[in-house]
Every structure is written in C-alpha cells, then in structure tokens.
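Listed here are the chains, written in short residue letters.
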Amino acid sequence: MSRTSSFIYDRQIRGIIFQMFLVFGLLLGAWWLGNNTLINLAEQGKSLGFNFLEQTSGFQISSTLGTWAMEYNVGTSTYLDVYFIGIINTFLVAALGIIAATFLGFALGIMRLSQNMVVKGFATVYVEVLRNVPLLLQLFFWYFAVLRALPSRRGQVEIFEGAAGINITGLYLPAPIAQSGAGVLGLAFILFVGIAIWLKRWAKKRQYETGQIFPAFWVGLGLIVFGTSLVYLLMGQPIDWSFPVFKDTGPALRRGFQIGDGMVIVPEFIAVWLALSLYTAAFIAEIVRAGILAVSKGQTEASYSLGLRPGVTLRLVIIPQALRVIIPPLTSQYLNLTKNSSLAVAIAYPELVSIFAGTALNQVGKEIEMIAMMMSVYLTFSLLTSAFMNWFNARVKLVDR
Amino acid sequence: MKKLSLIVAGVAALTAASAVQAGTLEDVRAKGFIQCGVSQGLPGFSNPDDSGNWTGLDVDMCRAVAAAVFGDASAVKYSPLSAKQRFTALSSGEIDILSRNTTWTMTRDTQLGLNFAGVNYYDGQGMMVPTALGVSAATELDGANICTNTGTTTELNITDFFRANGMSFNLVAFEKADEVVAAYDAGRCDVYTTDRSGLAAQRGKLTNPDAHVVLPEIISKEPLGPVVRQGDDVWFNIVRWSLNAMINAEEMGITSDNVNKLTFNEKTPAEARFIGTEGTFGKELGLADDWAYQIISQVGNYGESYEAHVGPNTPLKLDRGVNALWSQGGILYAAPIR
Amino acid sequence: MAVSKKQKYAFIRSEDAPVLPPPASQAGITGWLWQNIFASMADYSSLGASIISLMVALLSVCILYFGGIQIYGLIDFAIFSAVWSDPQVIKREACWTVDQGGALPSGWHGACWPFVMAKHKFIMYGPYPSEELWRVNLTGLIGLLGLGWVLFERLPYRKQVGAALLTLYPLLAFILLTGGNSGASFGSVSLWLIIGLAIISVGRMGKRGFLGATFTEFSGLIGFAGWVFVIYNAIRGMAAVDFGLEPIDTRDWGGVLITLVVAITGIVASLPLGIILALGRRSEMPVARLLSTIFIEFWRGIPLITVLFMASVMLPLFMPEGVNFDNLLRALIGVMLFSAAYMAEVVRGGLQAIDKGQYEGAQAMGLSYWQTMRLVILPQALTHVIPGIVNTFIGLFKDTTLVSIVGIFDLLGAGQSAISDAAWSTPVQALTMYIYIAVLFFIFCFGMSRYSIYMENKLSKSRSH
C-alpha cells in the first residue's frame with residue numbers, strides 16, 4: 001500500500017489525523033467565536049469582569065427561605081447574595097418537589113397495578129392527562145386556580161386555631177426560634193441517628209451469625225423520637241415558637257397577617273411545588289409500574305413456596321429487584337424536576353433564573369458572566385446526579401458472563 | 001447529505017449582512033423599509049390587531065420616519081420585543097429604531113451605546129389600588145404587596161420610593177405584563193405599579209375597571225422616546241427632526257386635513273419652510289424636501305396622533321397634562337425648523 | 001361392619017351432572033363488580049392485609065366522590081352551562097351575567113365558546129395574513145399526506161416518500177411559508193454549481209484511474225465534497241427563485257404553526273447531529289469520545305429555558321458584525337442543539353442493543369467503519385429507537401411552550417395574547433381559553449404516545465423469533 005494512501009486506509013493513522021483535525025477545528029471555532037464576542041462587546045462599551053457581584057442590588061425579593069437565610073436587605077445586599085438566594089430557593093423547591101413527587105409517584109404506580117378498577121382508573125387518567133399537558137400550562141393553572149380559591153389578604157382560612165392560616169398572600173406557619181441549648185438538641189439528634197444506624201448494622205451482623213432477628217428499625221426509630229424528646233425536655237424546651245399574628249381591625253393595609261411574625265410560604269412557591277410534584281409524579285408512576293412489572297412472577301411464587309409472607313416477600317425480594325430497574329430513570333426524573341423549576345420565572349417565584357438571569361441581568365447587563373454562573377449551578381447538579389447514577393448502576397448491575 | 005434541511009436553507013437565506021455602524025439611512029434605503037422595534041402589545045402605544053396591523057403612538061413615530069425617508073408611511077416592519085431584548089436588538093443592528101415606550105435614563109444613554117432622539121411622551125410611574133382599600137395617597141401604603149413587571153426601571157423606582165418614605169412592602173415581579181394584571185386582579189397584591197400610561201392601558205383588562213383608582217402620586221420621571229444607535233448622526237437627526245416636525249405642526253396648526261391646502265394657497269414663511277417650498281432643510285437631512293409634508297399628510301401631527309391613540313376619547317382616557325404644547329400649559333417644546 | 005355390595009357405594013351417578021352456572025363471584029355483573037372493585041377490599045386475614053383493604057375502600061369512595069364532583073363540574077362548565085354562539089356579535093357581553101350588564105343569570109359560570117371561535121384563526125396561525133393562509137394549509141396537507149403514506153404499511157414506495165419528506169419537504173415548506181425569494185444571486189449559485197459539478201467529474205475520472213493510482217484512493221472524498229457543493233447550492237438556488245409569493249416574515253407566524261415548526265424542525269434537524277454524537281460517544285478515538293460526552297452532558301444538564309435565553313440574548317454577541325439572526329431562527333438553533341443531546345442518548349441506547357455479532361460479522365465481510373454503520377448497524381438501531389424518538393418528540397412538543405417566554409408567539413403565547421384582548425374580557429375568558437389549549441395539547445400528545453406504544457409493540461413482535 002502506498003504511503004499516501006495509508007493516510008486514509010490505515011485505521012490508526014486515519015484516526016489520529018481525524019482527531020487532530022477535530023481539535024484544530026474546535027480551537028479555530030472557539031477562537032472565532034471569542035473574537036467576535038470581544039469585538040461586539042467592545043462596540044457596546046461593555047467589558048468582561050465579575051466585579052458587578054459586589055454592587056448592591058436595588059430591588060426587593062419576595063420573602064422565601066433564601067431571603068431569610070441570606071438576610072436580604074435592599075440597601076446592603078449585593079448581587080452575589082442574589083445569586084445565593086436564587087440557588088437556595090431553587091434547591092428548596094426542587095428538594096421538596098422530589099420528596100412529594102416520589103411519594104405520590106410510588107403511590108400512583110402501585111395504584112395502577114391494583115385490581116380495583118376505580119383506583120386503577122383514577123391512576124391511569126391522572127397519569128395520561130398530566131403527562132400530555134405542558135408543564136407551563138399546568139403551572140399557570142395551579143397558580144391562578146390557587147389564587148382564586150384563597151380568601152383575600154384581609155381574610156384567612158384558619159388551619160389551626162391561632163397557629164397556622166392561609167390566604168392569598170401565603171401560608172402562615174409558626175416559626176421555630178432557636179434559643180440557647182438548641183445546638184445541644186441538634187447534636188443529640190445527630191447522635192441518636194448515628195446510634196440507630198450502628199444498631200442496624202449490628203443487628204444485621206448478628207442475624208448473619210446467629211440467625212436471630214432484632215427489630216432494629218423500630219428500636220432505632222423509637223430511640224430517635226423518644227431520645228430527642230427527652231433531651232428537648234431536659235434542656236428546658238430550647239425552641240421557641242413565633243406564631244403568625246392576624247389582625248382584622250385597623251387601617252386596611254395593616255389588616256391581615258403581620259410581617260415579621262411566624263413563617264410565610266408565598267403562594268408562588270406553593271403553585272410551583274404543586275405543579276412540579278404532580279407533573280413529575282405522573283412520570284414516576286410509570287417508572288415504578290414498569291419496575292414492579294419487570295420482576296418476574298416466578299420470584300413471588302418461589303418466595304411464597306419458601307413460606308415467606310407477602311409483606312416480607314415484598315420487602316426483601318420484590319422491591320430490591322424492582323429498585324434496580326426503577327432507580328436510573330428515577331434519578332433522571334429528579335434531574336428534570338430540578339431543571340423544570342426554572343419555569344418559575346413565569347410566575348414570579350424568585351428562584352435562580354428569575355432573579356439572577358432575569359431581574360439582575362436586566363440591571364447589570366453582563367450576559368456572558370451571569371449566564372455562565374447560572375449554568376454552572378445546573379451543570380454541577382446534573383453531573384453529580386449522573387455520577388451517582390453511574391455508581392449505582394455499576395453496583396447493582398447484573399454481571400454478564 | 002440527505003440531511004441538509006431547513007436549517008441550512010434558513011441560515012443561507014435569513015443571514016442578512018447589514019453594516020451596524022454609520023449608514024443606517026443607506027441600509028434602510030437599500031432594504032426599502034424601516035425595521036421598528038415595538039412592544040409585545042401595549043394598547044395605545046404599540047398594539048397589533050388580529051391580522052397583525054400595528055397601531056399606537058410609538059408606531060406613529062416609526063411611520064413618521066418612514067414617511068420622511070420613503071414618502072410612504074407603510075414602509076415599516078415591526079419587531080415585538082420584550083424588555084430584556086430591546087437594547088441588544090437595537091445595538092446588534094436587528095432593528096433600525098426602537099420605539100417602545102423606553103425611558104430615557106443616563107445609564108441607558110451612556111452605557112449601552114445608544115442615543116435617545118427625543119421624547120414623545122412624558123410619563124411618570126404611578127400606582128393603582130382597589131377603591132375598596134380606602135387609600136387616597138401613596139404614603140398610606142406601608143406594608144403593601146406590590147405587583148409589577150420585571151426587567152424595567154419600575155422595580156427600582158418603587159423600591160426607592162418606599163425606602164425614602166420609610167415604608168415596608170413586598171414585591172411580586174412577573175415576566176409578562178398580562179400576568180401582572182391577572183395577579184393584581186385576583187387580589188394577590190394591593191398595588192399595581194407601572195408607568196401611568198401603562199396603568200391606563202391595562203385597566204381595560206381588569207374584570208371591573210371602575211373598582212380601581214390610580215393614586216395621584218407620580219414617583220418618578222419617565223420621559224419615553226425613540227432610541228437609535230450611537231455613531232450614526234445622520235439617522236439620529238432624521239428621527240429627532242421627524243418628531244420635532246410633528247410637534248411643530250401642531251404648534252402651527254397644520255393637520256393632515258389642511259396640509260394639502262398649504263401647498264397651493266397662501267402660507268406664512270414658517271409654513272413654507274415646513275412643507276419644503278422654501279429652503280433646503282430636507283436636503284440637509286439627506287431626505288427629499290417634502291419630508292415634513294409627507295409626515296403630516298400620512299401620519300398627522302402630534303396632537304392628532306395623541307387623540308387617536310391615547311387621548312380622552314380612547315379607552316385609555318389620558319388627558320394631555322404635561323404632554324400638551326408649551327403654549328398650552330404642557331412641556332412639549334420642539335426646536336424651530338429654520 | 002360389612003356392607004353388602006349393593007350398599008358399598010352410597011350413590012352412583014348414572015348420567016352426567018347438570019352443568020351449574022359459575023359462582024356469583026366469578027360471572028355476570030356481580031362477578032365483574034366483585035373482581036374489579038370489591039375483591040381488593042375484602043382481605044382481612046392479617047393486620048397488613050386489613051389495612052390495605054380499608055385503604056383501598058377509602059380511596060375508592062374518595063375518588064368516586066371528589067372525582068365525580070370535579071368531572072361533573074368540568075362538563076357542566078364546558079358543555080351544559082356554556083355559551084355557544086354570539087348571534088348579535090356583542091362580543092364579551094354575550095358572556096356577561098346580569099350583574100355586569102349582560103343577559104345571563106346571576107351566578108352563572110360557564111365557558112364562553114364564541115370567544116374561542118373568534119380567536120380560532122389567531123390560535124392556529126398567529127398574525128399570519130389571512131389571504132395567504134392557503135400556503136400554510138397546503139404545507140400542512142402535503143406534510144400529512146407524506147407522513148400518512150410513510151406510516152401506512154400497504155402502500156408502495158414508502159422509503160422513497162420518506163426520503164423525499166426528509167429532504168425536499170423542508171425546502172418546500174420553507175418556500176411556501178416564507179415566500180422564498182431569498183436574494184441569493186443566481187450568478188453565484190450557478191458558479192458554485194458548476195464548480196461542484198467539475199469536482200464531481202474530477203472525482204469520477206480519478207476513480208476510473210485516469211489520473212493515477214494515488215488519486216484513485218482520494219476520489220471518494222473528492223466526490224463527496226463535490227456533491228456537498230452541488231446540493232447546497234441547489235438548495236440555495238431553489239430558495240432564491242421568485243415564485244411570486246408574498247414574503248412573510250417569521251414574526252408574523254404564531255400559534256400552532258410555530259409550535260409545529262419548532263418541534264418538527266427541532267427533531268428533524270437534531271437527528272443527524274444526534275446520530276453523529278452517539279457514534280462519537282461510542283467511538284474508539286479518545287478525543288471524539290471526550291468531545292461528544294462533554295457536548296451531550298452539557299446540553300442535557302441545563303434547562304431549556306436557559307438555552308433559549310442564551311440563544312436569544314447571546315447569539316448575536318457570538319456572530320461577527322452585521323450577521324443578523326431572525327428571532328425564530330435563534331430559538332430553533334437552541335432547540336436543535338438541546339434536542340440533539342437527548343437524541344444522542346436515545347440513539348446510543350439503540351446502538352447498545354445491537355448484538356456484538358453484527359459488528360463482528362460486518363468486519364468479517366471487510367466493510368469499513370462507515371459502510372458498517374450505514375448498511376448494517378444504523379438501520380437496525382434506528383428502527384429500535386423509533387419509540388424513543390417519538391417520546392423525545394412528545395417532550396419537545398410540550399417544551400415548545402417555553403418559547404413564549406422569549407417573545408415568540410407559540411400556541412400558549414397566542415392563547416395568552418387572546419386572553420388579554422379587552423374586547424372579550426370576562427371572568428371566564430382565561431379559563432375557557434386554557435381549557436381549549438390544554439385539550440389541543442392533550443389530543444396531540446396522547447395521540448402520539450399511543451402511536452409510539454403501537455410501534456413499540458409491533459417492533460417487539462417482529463423481533464421475537
């Protein structure tokens with residue numbers, strides 16, 4: 001074979017040359033894009049740099065966990081605080097959404113496998129309707145439906161007498177205020193959880209060695225609950241509660257729930273959380289159903305023939321195998337939920353996209369830096385999830401011969 | 001190979017090379033129309049109907065420039081832009097003129113590479129509350145929930161106002177104006193704040209427009225006007241003088257009805273200069289001599305435009321107020337054409 | 001005690017026993033009721049089972065009660081109490097109660113369908129000029145016919161129609177919808193066409209050995225380059241012909257038109273890119289693998305709304321001066337890159353499902369990498385992943401609602417714009433329109449997901465030997 005033709009036909013050399021061209025082309029493309037960007041920026045009189053993060057932000061943000069955690073104050077907080085508030089709010093709604101969607105999704109998935117036609121029909125209709133209508137539409141529905149259903153600012157629906165209430169400006173709950181000694185309570189709680197975990201390990205080891213079963217789960221749970229309560233009482237009840245105050249007399253604007261007492265959950269948060277949870281639960285239901293169906297019926301039959309009761313079978317035989325099939329698509333649904341929380345920009349919930357890439361971007365104007373900062377948050381989270389999924393897959397994979 | 005599809009054809013066809021800097025007049029002449037950046041639907045200022053015809057005060061500004069350049073007020077194409085996109089659209093050359101009730105502020109004039117060619121509406125930020133609240137002045141709004149649009153100076157102004165008066169408030173900021181109105185209507189907040197002209201325009205969308213009242217306080221200065229790119233003085237002059245021509249015409253009593261009579265009958269030297277029979281003002285701008293005549297005959301003078309879109313006989317019911325001529329108690333004062 | 005033979009058996013049947021009907025719990029209405037509803041509530045053998053039975057019973061009652069109320073309320077709103085016509089063209093007053101000045105009784109709450117019917121054209125086409133609607137309808141009709149032909153199994157020439165659908169139809173749609181006449185000069189188009197043809201003929205000659213042995217081996221590559229020139233310029237030329245159609249800017253498109261354009265273009269354009277990325281991710285070349293993985297993980301890790309923000313705000317920054325991108329084109333580019341990453345994962349799943357024996361067999365036959373891919377692997381993989389592709393399409397179709405946030409009038413944006421029309425402002429205006437839009441989306445997505453299930457079943461049946 002001639003030397004020149006080996007450039008095309010020798011696989012190794014061809015591979016190397018192709019990769020060289022690829023890298024070269026990529027570098028060229030990146031240089032071209034970067035050059036254009038710098039020229040365009042210079043023309044508009046803008047420059048690259050991150051010192052805008054130290055400027056104070058001039059706008060108010062709805063009171064949410066983020067503003068409380070970062071102690072947001074209009075005159076003194078900077079854009080960096082705004083960034084962190086956005087991250088905290090995004091992860092708050094994502095975490096709560098994941099928990100709710102998982103519970104609801106599992107329940108629905110199991111309901112879909114039920115023999116009862118009413119229950120099965122409901123689950124099927126739920127899943128089909130919610131999967132086929134766009135999330136943005138569902139979000140608007142929940143927000144405006146939720147809004148219209150609640151009483152106005154000056155009224156309320158009491159949930160617990162004097163302790164919790166809801167109206168259009170939000171759900172008001174008692175807020176815990178940590179007094180001295182609360183730190184000890186927290187440490188005690190962590191200690192008890194640690195003991196419970198150790199107890200479980202010990203019980204398992206004991207079962208392997210002697211065959212005796214120790215009810216580690218219930219003992220551990222009891223330890224955590226009673227132990228923590230005991231410490232709580234011993235420390236003299238170190239958590240104070242600040243209850244929401246509702247006034248229905250006085251000047252019109254001062255009526256209603258007072259700012260500063262109790263904890264408020266804004267209706268935007270409730271709407272986003274509802275929409276995300278219900279939507280994702282529909283997808284999780286399908287995943288759970290597929291997972292449970294994937295476990296062959298022979299497993300159940302063999303387990304029964306060994307004398308294991310249905311409850312134990314479910315717990316020790318079916319669910320671990322079903323989980324192997326369920327967990328990978330489940331983690332990608334969790335990821336989708338976190339990404340979908342960015343839709344909250346449409347209804348004024350102050351999460352990352354809406355305050356950082358929305359309001360703050362409009363005022364500061366540094367698109368490239370701010371969008372890069374925002375994307376790095378989402379990328380980090382998705383890479384962590386992918387890494388976890390790969391680790392989990394590798395651990396439970398059925399090994400081929 | 002099989003896959004060269006819409007994208008390739010689209011890129012090939014839609015990439016229009018037009019120089020961004022000085023030379024907008026030449027580009028516009030070569031294109032045959034003006035690309036005008038407008039809002040996404042603000043009644044009275046720039047609003048499309050179902051077939052896509054745009055009308056409004058800001059639309060008339062663009063039509064006036066088109067009449068001056070081409071002699072044809074319909075030689076305009078409209079780009080609806082959100083608050084976020086408007087400035088990048090102008091500076092990147094996607095549009096030739098931004099006429100989108102944009103407030104003239106120092107930051108925008110100095111930091112964005114843009115120039116404001118004038119003011120076609122002097123506005124201010126106001127607040128609307130339900131009448132049932134029993135509030136008659138903005139200083140009674142301590143502790144209020146406020147709904148507004150994100151991405152504009154409105155948020156900053158309202159924050160400053162409340163801080164200056166030592167009042168506390170909660171801000172709920174939405175992306176699109178329609179959602180702000182819907183949330184305010186549902187009772188999510190006590191106050192709806194935006195420019196007063198915007199309040200008037202959106203009022204019609206409330207379920208019960210008469211149950212709301214606009215508070216008397218104006219908490220900021222919002223001079224709204226057309227914007228062009230920096231570095232293009234020829235185009236800047238054209239836009240500025242188109243606006244001045246409309247205001248001067250109202251001062252001189254020239255309307256779209258009687259401007260034709262002026263071409264043939266007796267006229268004063270000022271009118272002669274205006275419609276182009278005397279002097280070379282059109283040539284100085286780079287346009288035909290009858291540029292002002294075309295504007296008035298096709299679009300009308302400022303008063304006519306105001307009456308037709310935002311005046312007391314329209315759903316917006318805004319009276320002239322500060323937008324009246326300087327000789328009639330307002331502050332509209334255009335430099336003379338001489 | 002001994003029993004006589006006659007009495008040894010108490011009873012001997014002399015004829016067959018009558019066939020009894022099945023027990024009540026197995027047949028008929030009671031049987032059906034029992035099995036489908038009550039059986040799950042009847043097991044009280046152990047504590048766990050009793051709890052489950054009680055819960056099922058409680059759930060059934062709650063679902064029937066609350067579900068019944070909601071469904072009845074919805075049907076009542078949408079059908080029974082709804083206003084269906086507006087004969088006097090009084091617009092919003094047709095849906096007003098007596099308190100607001102209309103004719104309906106106080107406390108009325110029902111859908112206002114004249115509103116939806118009046119806005120119907122706007123919802124479907126956006127502000128597209130009414131005289132030119134025939135172009136949109138024609139495009140849609142041709143697309144539907146083509147799609148139906150490809151999907152319906154007994155028709156001949158399905159592959160050819162499918163190929164035409166992927167290549168010629170986009171061009172046709174582009175010309176019809178925007179009006180063609182793109183301004184590329186015929187001079188330059190013809191020049192490039194001639195150059196392309198020349199290169200092809202050079203390649204051909206080289207292949208036949210007229211230009212020397214070394215050249216023969218490169219001739220394939222040269223021919224390929226020539227074909228690229230020819231096809232690209234043929235498209236440019238076609239797009240530049242003035243067919244006498246009124247040019248319509250993409251800003252005048254809206255509603256279902258935009259939703260379909262964005263979703264279909266996104267999927268069709270992302271398919272080739274997705275295939276290349278999937279192949280790259282499985283490639284043996286470390287650079288290609290690394291770059292493909294980075295691309296895929298990057299675009300899958302960020303939400304679509306940030307992609308759209310990036311595309312609409314930052315794309316003009318990345319382009320050299322004077323290159324202007326149409327707003328819709330920017331969104332299309334963002335959507336295409338985003339869905340290419342998802343498509344790559346779907347195709348990769350398909351590639352992984354192909355037996356290693358296929359690769360080995362192709363290698364044993366001496367096929368090169370690209371020949372293997374083209375002739376053996378990809379045809380199998382792509383049929384495998386058709387359900388996955390349809391699922392991605394359904395997801396993309398729902399995600400097109402996000403473009404309303406960056407200022408493009410898709411179906412949801414058109415609906416919201418219709419809701420804000422003051423001439424129709426009533427308390428039920430928003431709810432009516434949202435129900436209508438939700439039903440439109442549901443019909444479309446549900447139909448597609450049913451088709452995807454049907455395809456999946458068909459493929460798995462055809463594959464099981």
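Residues numbered from 1 in each chain as written. Chains lettered and ligands numbered in written order. Predicted model: local features only at pLDDT ≥ 70, side-chain atom pairs only at ≥ 80, totals over all residues.

### Describing the overall build of chain C
For step 1, the next point in the chain: A tally of regular secondary structure across chain C gives 18 helices and 1 strand.
For step 2, the next point in the chain: In terms of overall size, chain C is more extended than a compact globule, its C-alpha atoms giving a radius of gyration of 32 Å where 465 residues would be expected to give roughly 23 Å.
For step 3, the next point in the chain: Its C-alpha atoms give chain C principal-axis dimensions of about 115 × 85 × 45 Å.
For step 4, the next point in the chain: Counting only residues that meet the buried cut, chain C has 34% of its 465 residues in that class.
For step 5, the next point in the chain: Look at the contacts in chain C between residues 6 or more apart in sequence, and 71% of them connect residues 24 or more apart. (Helix = DSSP H or I, 4+ residues; strand = E, 2+ residues; numbered from the N terminus. Rg over C-alpha atoms; globule rule 2.2 N^0.38 Å. Buried ≥ 20, exposed ≤ 12 C-beta atoms within 10 Å, placed from the backbone. Contact = placed C-beta atoms within 7 Å.)

### What about the overall build of chain B?
For step 1, the next point in the chain: Across its full length, chain B carries 14 helices and 13 strands.
For step 2, the next point in the chain: For chain B, the C-alpha radius of gyration of 22 Å lies close to 20 Å, the compact-globule estimate for 338 residues.
For step 3, the next point in the chain: Seen through its principal axes, chain B has C-alpha atoms that stretch 70 × 60 × 40 Å.
For step 4, the next point in the chain: Counting the 338 residues in chain B, one finds 55% classified as buried.
For step 5, the next point in the chain: Sequence-distant contacts, at least 24 apart, represent 71% of the contacts inside chain B between residues at least 6 apart.

### Some points on the environment of Asp289 of chain B
Residues and elements named next belong to chain B.
For step 1, the next point in the chain: Mapped onto the elements of the fold, Asp289 is located in the loop between helix H12 (281-285) and helix H13 (291-298).
For step 2, the next point in the chain: Since 16 C-beta atoms lie within 10 Å of it, Asp289 is described here as partly exposed.
For step 3, the next point in the chain: For Asp289, the residues in contact, after removing those within four places along its chain, are Gly276, Thr280, Gly282 and Lys283.

### Notes on the sheet that holds strand E8 (residues 263-265) of chain A
Hydrogen bonds between backbone groups are what pair the strands of a sheet, and the pairing can be parallel or antiparallel.
Residue and element names in this part refer to chain A.
For step 1, the next point in the chain: If you walk across this open sheet you meet the 4 strands as E1-E2-E3-E8, and the pairing is antiparallel. The open sheet has two edge strands, strand E1 (157-160) and E8, and neither has a second partner. The sheet shows a mean angle of 20 degrees between the axes of neighbouring strands, direction not considered.
For step 2, the next point in the chain: Relative to strand E2 (residues 164-167), E1 runs antiparallel, the two sharing 3 bridges. Note that in E2 the partner of Phe160 across the bridge is Ala164. (Pairing = 2+ DSSP bridges. Axes fitted to C-alpha atoms, helices over the stretch in contact; angles between N-to-C directions.)

### Points about the interface of chain A and chain C
For step 1, the next point in the chain: Counting residues at the interface gives 50 residues for chain A and 48 residues for chain C.
For step 2, the next point in the chain: Within the residue set of the side of chain A that touches chain C, elements represented by two or more residues are helix H2 (11-44), helix H5 (117-132), helix H6 (135-149), helix H11 (310-340), helix H12 (352-364) and helix H13 (367-396) of chain A.
For step 3, the next point in the chain: Of the residues assigned to the side of chain A that touches chain C, the class counts are 31 nonpolar, 16 polar and 3 charged. (Nonpolar A, V, L, I, M, F, W, Y, C, P; charged D, E, K, R; others polar.)

### Focus on the environment of Gly447 of chain C
For step 1, the next point in the chain: Inspection of the secondary structure puts Gly447 of chain C in helix H18 (residues 429-463).
For step 2, the next point in the chain: With 83 residues separating them along the chain, Gly447 of chain C and Ala364 of chain C place their C-alpha atoms 44 Å apart.

### Digging into the environment of Arg300 of chain C
For step 1, the next point in the chain: Here Arg300 of chain C is to be found in helix H11 (residues 286-301).
For step 2, the next point in the chain: C-beta crowding within 10 Å serves as the criterion here: with 19 such atoms nearby, Arg300 of chain C is assigned to the partly exposed category.
For step 3, the next point in the chain: Measuring from C-alpha to C-alpha, the distance between Arg300 of chain C and Phe338 of chain C comes to 7.0 Å, with 38 residues separating the pair along the chain.
For step 4, the next point in the chain: Sequence-distant contacts of Arg300 of chain C, defined by excluding residues within four places in its chain, comprise Ser382 of chain A together with Ala341 and Tyr342 of chain C.

### Considerations on the confidence of the model for chain C
For step 1, the next point in the chain: Residues of chain C with pLDDT of at least 70 account for 93%, and the chain-wide mean is 82.
For step 2, the next point in the chain: In the model output, the complex is listed with pTM 0.83 alongside ipTM 0.80. (pLDDT = per-residue confidence, 0-100.)

### What about unusual backbone geometry?
For step 1, the next point in the chain: Of note, Ala348 of chain A is a non-glycine position whose phi angle comes to about 65 degrees, a positive value.
For step 2, the next point in the chain: Secondary-structure assignment places Ala348 of chain A in the loop between H11 and H12.
For step 3, the next point in the chain: Since 28 C-beta atoms lie within 10 Å of it, Ala348 of chain A is described here as buried.
For step 4, the next point in the chain: Positive phi outside glycine occurs at Asn101 of chain B, with the angle close to 35 degrees.

### Observations concerning the packing of helix H14 (residues 356-364) of chain C against helix H15 (residues 369-384) of chain C
All names here are of chain C.
For step 1, the next point in the chain: Orientation of H14 relative to H15, taken along the N-to-C sense of each, is 135 degrees, at an axis distance of 10 Å. The orientation of H14 with respect to H15, classified from their angle, is oblique. In terms of crossing hand, the pair formed by H14 and H15 is right-handed. Residues Gln358, Tyr359 and Ala362 of H14 form the contact with H15, whose own contacting residues are Thr372, Val376 and Ile377. (Parallel < 35°, antiparallel > 145°, perpendicular 65-115°, else oblique. Left-handed = near helix turned anticlockwise from the far one by under 90°.)

### Considering the packing of H5 of chain A against helix H3 (residues 47-80) of chain C
For step 1, the next point in the chain: Two elements in contact, H5 of chain A and H3 of chain C, have axes separated by 9 Å at closest approach and are oriented at 55 degrees. Between H5 of chain A and H3 of chain C, the crossing angle belongs to the class labelled oblique. Viewed along their axes, H5 of chain A and H3 of chain C form a crossing whose handedness is left-handed. Residues Val118, Val119 and Phe122 of chain A of H5 of chain A touch H3 of chain C, and the partners they reach there are Val56, Leu59, Ser60, Ile63, Leu64 and Gly67 of chain C.

### Regarding the confidence of the model for chain B
As a general rule, the predicted coordinates of low-pLDDT regions are not to be interpreted in detail.
For step 1, the next point in the chain: Predicted confidence across chain B gives a mean pLDDT of 84, with 91% of residues reaching 70 or more.
For step 2, the next point in the chain: Taken as a whole, residues 1-21 of chain B scores under 50 in pLDDT and shows 52 contacts with residues more than four places along the chain or in a different chain.

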